[in-house]
Amino acid sequence: MTVLQDRPNSIEARDVQSVIHGGTNLRRHLERGPLVIDKGEGIWVTDIHGKRYIEGMSGLWCISLGYGQERLVAVGTEQMRRLPYYHLTNHRGHSPVVDLAEKLLQIAPVPMARVWFSNSGSEGNDCAARFAWYYWNAQGKPQRRKFLAHRQAYHGNTIAAASLTGVPHNHRYFNLPLDGFLHVRCPHFYREGLPGESEEAFAARLVGEIEETIIHEGPDTIAAFFTEPVMAAGGVIVPPAAYFEKLQWLLRKYDILLVCDEVVSGFGRLGDMFGTTTMKLAPDMIVCAKGLSSAYLPISALMVNQRIFDAAAQLSDDVGVFGLSLTYSGHPVAAAVAREAVRIYEEQDIPARVRALEPLFFAGLRQLGEHPLVGEVRGRGLVAGLELVQDKATRQPFDRALGVGRACIVHAEKHGLLARAVGDTITLCPPLIISEAEIGELLARVKAALDDTAADLAKTGHLNI
Ligand SMILES: Cc1ncc(COP(=O)(O)O)c(C=O)c1O
């Protein structure tokens, strides 16, 4: 008898009867129900049965400042009392959104002119696509409608953002991607590199392939290229050093806009305030969300440079109105909380903290890289992926049907660690306020999960150890 049948009035049973969960096998959920989290403090969360876990993924790559940030609670409460809502449509405004926009423009990693607010990373990317179309219409090039993005990259789940996303399960049976959303090879050297190929040659080959795609489609049909500095939900893929330099040269050659999706990398995750700086990017637009408010409230910011803003101003004048408006754009409570979060990132110099912790984190991860199951350890700052393989020498992956990654995170959960599996890559993205001792604790739990997974596989003959 499962807990669901056993206790029909439990939260788990009521959840199963009422809630739809994203990124979840909905049928399996009917049987196993949810893990229900009750409260959090620092990097720790506690479920409704009192079991404590290290939140090894910052929720969904987002609660960068951890739980229990009283300053964010206080600012949100105060703003709620003063002005819980106002909008930005038809020349209306309020001070929290101005304070936040000014700050973002001040800390932007490349010169930016204005900020457009929405409520999620997906909407931010959708809106970036809209701004790109507006830009090319203003240039008298309405045929520049297509977008390029990487296979495996995750850019969100509204219709345009899901089309940018290069993950088959976000498309299948949803009639996506939309026409004109094209995907290029994932810059993952470990998986996509050829025998004997250097990282530099790999980067050149991929950029060559992108050029072929551009020429095949017609350079004058491409509006923009979307990329993350490090592809987080794609399995924490760090492109080789030469890749972005070559890619940006190519985009300049064909006058293609660059949109940097900083939804995960923004606000210190890679060791700089923005991943744009870490990976030496020069985008026309930057999308931030998640860490922007440390996930305390939903908000995203799309920073646009002068030429994008000028085009928007010109065409909105032409049309009579900028026809993009959202009820909650720049919501005052979310904006105030985000402004306070940015104050904390700056005051506590969170990017420097990440740079200081990175060597310890990766030294531990590299030790885990010796484990018989781990094929590749990768990442940057405080985000990492451990790719589990059947054979370390040949990099042979496990049969997907075995669900090795998923099994490993179930073991991790048992050991009090919440991690995530992207295929057979275990991803880790702890809150940036994690202490050195807590990093040790997190890594010990990963090791225990790997050992249990290896033992299972050895028992069933799927791993020769
Ligand atoms: C890089 C990236 N872009 C966009 C999104 C979508 O953000 P949201 O879930 O807030 O819509 C995500 C979410 O994981 C993401 O990782």
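Residues numbered from 1 in each chain as written. Predicted model: local features only at pLDDT ≥ 70, side-chain atom pairs only at ≥ 80, totals over all residues. Heavy atoms only, no water.

Draft legend 1. The pairing of strand β11 (residues 374–380), seen in detail. Where β11 meets strand β12 (residues 383–388), six bridges bridge the pair, whose relative direction is antiparallel. Residue E376 lies in a different strand from β12, and its bridge partner there is E387. If you look at the hairpin formed by β11 and β12, you'll find two residues sitting between the two strands, and G381 has a positive phi there, around 60°. (Pairing = 2+ DSSP bridges. Helix = DSSP H or I, 4+ residues; strand = E, 2+ residues; numbered from the N terminus.)

Draft legend 2. Spatial organisation of helix α2 (residues 11–18). All buried positions along α2 are accounted for by E12, A13, D15 and V16. Seen from one end, α2 has its buried residues packed into an arc of 160°, which puts them on one side. In α2, the exposed positions angled more than 90 degrees off the buried face are occupied by Q17 and S18. (Buried < 20%, exposed > 50% of the residue type's maximum accessible area, 1.4 Å probe, protein only. Arc of directions from axis to C-beta.)

Draft legend 3. Quick look at the layout of surface pockets. Of the pockets and cavities examined, the second largest pocket occupies roughly 940 Å³. For the second largest pocket, the lining is made up of 30 residues, of which L88, H91, W116, F309 and F322 are closest to its centre. At the level of elements, α6 (95–107), β4 (114–118) and α13 (306–319) are the ones that each hand at least two residues to the lining of the second largest pocket. Examining the composition of the lining of the second largest pocket, we find that five residues originate from one element, α13, more than from any other. Residues belonging to the lining of the second largest pocket are distributed by class as follows: 18 nonpolar, nine polar and three charged. (1 Å grid on protein atoms, 1.4 Å probe; cavity = no way out; pocket = protein on both sides within 12 Å on 5 of 7 lines; lining within 4 Å. Points joined across faces, edges and corners; volume = space filled by probe spheres on them. Nonpolar A, V, L, I, M, F, W, Y, C, P; charged D, E, K, R; others polar.)

Draft legend 4. Quick peek at helix α15 (residues 350–368). Taking 1.5 Å of rise per residue, 19 residues should cover 27 Å, and α15 covers 26 Å from first to last C-alpha, within 8% of that figure. Listing the buried residues of α15 in full gives I350, P351, V354, L357, E358, F361, F362, G364, L365 and L368. Contact partners of the buried residues in α15: α14 (332–347), β11, β12, β15 (425–428) and α17 (436–459). (Expected span 1.5 Å × (residues − 1). Contact = heavy atoms within 4.5 Å.)

Draft legend 5. Structural context of the nonpolar core. Judged by nonpolar contacts, the single largest core of 97 residues is most densely connected at L104, F225 and F267. W136, F181, V287 and A289 belong to the second-largest nonpolar core, a separate cluster that totals 31 residues. (Core = buried A, V, L, I, M, F, W, Y, C linked by side-chain atoms within 4.5 Å.)

Draft legend 6. Region of interest: the domain arrangement of the protein. Entries for the protein in the domain assignment read domain 1 (35–68 + 349–459) and domain 2 (71–347). The distance between the C-alpha centroids of domain 1 and domain 2 comes to 27 Å. Listed as interface residues are 36 residues of domain 1 and, on the opposing side, 33 residues of domain 2. Carbon and sulfur atoms make up 58% of the surface buried where domain 1 meets domain 2, a total of about 2,600 Å² over both sides. Counting every contact that joins domain 1 to domain 2 gives two salt bridges. Its salt-bridge partner being E387, residue R191 comes within 2.7 Å of it at the nearest N-O pair. At the surface where domain 1 touches domain 2, the tally comes to 20 residue pairs in polar contact (both at pLDDT 80 or more). At the level of elements, α4 (58–61), α15, β11, β12 and β15 are the ones that each hand at least two residues to the side of domain 1 that touches domain 2. Take the side of domain 1 that touches domain 2: its biggest share by element is five residues, from β11. Its residues placed into classes, the side of domain 1 that touches domain 2 shows 19 nonpolar, 10 polar and seven charged. (Domains from an automatic or database assignment. Buried area = accessible area lost by both parts, 1.4 Å probe. Salt bridge = Lys/Arg side-chain N within 4 Å of Asp/Glu carboxyl O. Polar contact = N/O pair within 3.5 Å; in protein donor to acceptor, adjacent residues only side chain to side chain.)

Draft legend 7. Representation of the site of the ligand. The local shell around the ligand consists of S120, G121, S122, N125, Y154, H155, G156, E228, D261, V263, V264 and K290. Here an oxygen atom of the ligand sits 2.5 Å away from a polar atom, N or O, in the side chain of S122. D261 places a side-chain nitrogen or oxygen 2.7 Å from a nitrogen atom of the ligand. Of the residues forming the shell around the ligand, the biggest block, three residues, is contributed by helix α7 (residues 121–138). Among the residues making up the shell around the ligand, the classes are represented as three nonpolar, six polar and three charged. (Near = heavy atom within 4 Å.)

Draft legend 8. Summary view of the packing of aromatic side chains. Overall, the coordinates contain 15 aromatic pairs when judged by the stated rule. Ring geometry for W116 versus F322: centroids 5.9 Å apart, planes at 90°, classification edge-to-face. Within this pair, whereas W116 is found in strand β4, its partner F322 is found in the loop between α13 and α14, the two being separated by 206 residues in sequence. F322 sits in the partly exposed class, given a relative accessible area of 25%. Linked through ring pairs, W116, F131, Y134 and F322 together constitute an aromatic cluster. Sitting above the plane of the W44 ring, R52 keeps its charged end 4.4 Å from the centroid. Stacked on the ring of W136, the Lys or Arg R144 has its end atom at 4.3 Å from the ring centre. (Phe/Tyr/Trp six-rings, centres within 6.5 Å; stacked < 30°, edge-to-face > 60°. Lys NZ or Arg CZ within 6 Å of the ring centre and 35° of its normal.)

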